Amino acid sequence: MSASQNNIGKCYVLVSTYLSIAIVAIIFVVLFLSSYDAFANIGWDLFSLEWNPSKDKFGILSMIYGTVSVTFIALGISVPLGILTAIFISEIIPEKYRLYIKSAIELLAGIPSIIYGLIGIAFFSAWVSSFFELPTGRTILTAGILLSIMILPTIVTLIEDALHNIPKKYREASKGLGLYQFETITKTLLPIAKKDIAGAVLLALGRALGETMAVMLLIGSIDRIPEPFYNVLNPGQTMTSKLGREIGESAFGSLHFSTLNAIGFLLFLIVITVTIITQLYFKKERRL
Amino acid sequence: MSRKLQNIAFKTFVCIAATISIGVLLFLITVLFWKGFSAISFEFLISDSSNFGSEGGIAYQIIGSVLLTACAAIISFPLALGFAIYKSEYIKNSYLQNLTDTVIYSLNGIPSIIFGIFGLIFFVNLLQTGVSWFVGGIILAIMILPTIILSSYQSINSIPNSYRENAFGLGLTKWQVVKTVIFPRAVNGGFTGLLLGLARAIGETAPIMFIATAFSGVTIPNGLFEPVRSLPTHILSLAQQATNPSALENAWGTSLVLILLVFVFSISAFVRRLQYSKNKQ
């Protein structure tokens, strides 16, 4: 009895593990196979500008541009803001308020992205269009700003953890040397937490690259690189928003469908690379 | 500039930045609750929606979302426990350890829309399931797997080795040790992870919008392979008609219901974690 239970138990844990490993492998293979058509038929022309399925033109350069620029804007706003807010929570305010503010921020990290999208549509796009006097508020900049707000809680929480985990003695030693608090923070604490900060940024990068719903509602969904390319007050398209908008409309098995899968596959590769770099970087010390 | 002035300038700068970010986050919460409460009523919660969602309530959307998350929980919890126990108790070589780590972190990093595409190709088209809530549940289960695994694994890993050695010393077999010493802790830690996972799963739109949901015309499903309506996809369809004020008002109401459901899950997870860290001390 005991021996057979032993085997059944081992079987259960073994099957769960290999099933989970198989799922990742299946996702990879399925995505690759269904985008194979696009890679074989379109080849390097994928990286061109024109997207027009009815003329068999499948260039995804403008979507790659959109993803890069939206991510760049989002990180450009949220990383500095996040670091300063983390310093405020960990170093400036009294310890007893720290937990409250932190739990509140962690709760905010859980707001679903579709709700950010709704807030963006109801407020941000109107603000952007009236502030810059644009015909439409659905621009690359709007999507980038909203995305920066979405990843802010994650960045603040992770960096605040890193700062707070630095032992008290460093602060005391630096105070004992007669340094002001800002010198303690910039010369002692930030260099110690450097690695964790980089990790937090990488994690936020992965999230920003893959964010779909809010970006899709706000970016305007036009497959074009603005002129000049840094004019982010124009509508654009990201890889994810393209997928969200079009995959439901394309016929299964068509070249159109396959190209959309190729976009997904590329995104998958990029995000997995970022994830694995993060993992190597952290050497599994970090919780998710 | 003197060091004293620099110090003051730096602190002011930090305070301004913190005010901006905390202010923005406060703004979000205020808007959601203020707009939401004025749109919500008991009637809204129990009636069917009409006119593409701009009128009526969200009864079937709530049922659909609960169905999807319950399905995800039932599928992923046992799988994650098995994975966590195998990873911590059975795997000895470092190659396999690294492989399982990579699997967990990859699953956690994959963008949610990719899960949706995978579900669309693999289940809806290749396996011919059609648009189905059951498939949506499976996809959400895969998505929350890493959260549960990690939480459960951390909890098992904190069991001192002497407990295992004592149990073996009493002559228990490997499975008896797992069952009596490891399993209760795995379930306990995994449950916290499950709550966190469900908080994420219930709000996800991208993975389910092609494979599990329909915007209107469906009620309670009669079988496994039928679509449902859900809260996040309902918000999506209402957000696309945002120029219509009554659609927008219903969107705020739906958002508030969704966010309260998310908070129920995440606050219970926080409370459990807090209790656990108190017990440890």
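Predicted, not measured: the structure shown is a model, and the values here were computed from it. (Residues numbered from 1 in each chain as written. Chains lettered and ligands numbered in written order. Predicted model: local features only at pLDDT ≥ 70, side-chain atom pairs only at ≥ 80, totals over all residues.)

Engineer: Would you take a moment to explain the overall build of chain B for this structure?
Structural biologist: Helix and strand counts for chain B come out as 10 helices and 2 strands. Dimensions of chain B along its principal axes, counting C-alpha atoms only, are 70 × 70 × 35 Å. A buried classification covers 48% of the 281 residues belonging to chain B. When contacts within chain B are restricted to residue pairs at least 6 apart in sequence, those whose partners lie at least 24 apart make up 77%. (Helix = DSSP H or I, 4+ residues; strand = E, 2+ residues; numbered from the N terminus. Buried ≥ 20, exposed ≤ 12 C-beta atoms within 10 Å, placed from the backbone. Contact = placed C-beta atoms within 7 Å.)

Engineer: Can you help me understand the domain arrangement of chain B in this one?
Structural biologist: A common way to state how big an interface is: give the accessible area lost once the parts meet. All names here are of chain B. Taken domain by domain, chain B holds domain 1 (1-39) and domain 2 (43-280). Computed over C-alpha atoms, the centres of domain 1 and domain 2 are 33 Å apart. Contacts between the two partners involve 6 residues from domain 1 and, on the opposite side, 7 residues from domain 2. Residue composition of the side of domain 1 that touches domain 2, by class: 4 nonpolar, 1 polar and 1 charged. (Domains from an automatic or database assignment. Nonpolar A, V, L, I, M, F, W, Y, C, P; charged D, E, K, R; others polar.)

Engineer: I'm lost on the interface of chain A and chain B in this one. Help?
Structural biologist: Listed per partner, the contact involves 70 residues of chain A and 76 residues of chain B. The element that contributes the greatest number of residues to the side of chain A that touches chain B is helix H1 (residues 2-42) of chain A, accounting for 20 residues. A breakdown of the residues in the side of chain A that touches chain B according to their chemical character gives 44 nonpolar, 23 polar and 3 charged.

Engineer: So what exactly am I meant to see when it comes to the nonpolar core here?
Structural biologist: Taken as a class, soluble globular proteins show a tendency for nonpolar side chains to be buried jointly. Ranked by internal contacts, the top residues of the largest apolar core, which has 161 residues, are Ile115, Leu146 and Leu147 of chain A together with Ile235 of chain B. If we skip the residues at most four places from it in the chain, Leu146 of chain A touches Tyr116, Gly120, Phe124, Ala214 and Leu218 of chain A. (Core = buried A, V, L, I, M, F, W, Y, C linked by C-beta atoms within 7 Å.)

Engineer: Help me out: how do you make sense of helix H9 (residues 239-246) of chain A in this one?
Structural biologist: Because each turn of an α-helix spans 3.6 residues, side chains separated by three or four positions end up pointing in the same direction. For H9 of chain A, the tally of buried residues reaches 6 of 8 residues, placing the bulk of the element in the interior. The set of residues buried in H9 of chain A consists of Met239, Thr240, Ser241, Lys242, Leu243 and Gly244 of chain A.

Engineer: In this structure, what is going on with the packing of helix H4 (residues 94-109) of chain B against helix H6 (residues 133-157) of chain B? I would like to understand it.
Structural biologist: Residue and element names in this part refer to chain B. For the pair H4 and H6, the least separation of the axes is 8 Å and the interaxial angle reads 130°. Classified by the angle their axes make, H4 and H6 are oblique. The way H4 lies across H6 gives a crossing that is left-handed. On H6, the residues that touch Ile104, Leu107 and Asn108 of H4 are Ile142, Leu145, Pro146, Ile149 and Leu150. Grouping the amino acids of the contact of H4 with H6 by side-chain chemistry returns 7 nonpolar, 1 polar and no charged. (Axes fitted to C-alpha atoms, helices over the stretch in contact; angles between N-to-C directions. Parallel < 35°, antiparallel > 145°, perpendicular 65-115°, else oblique. Left-handed = near helix turned anticlockwise from the far one by under 90°.)

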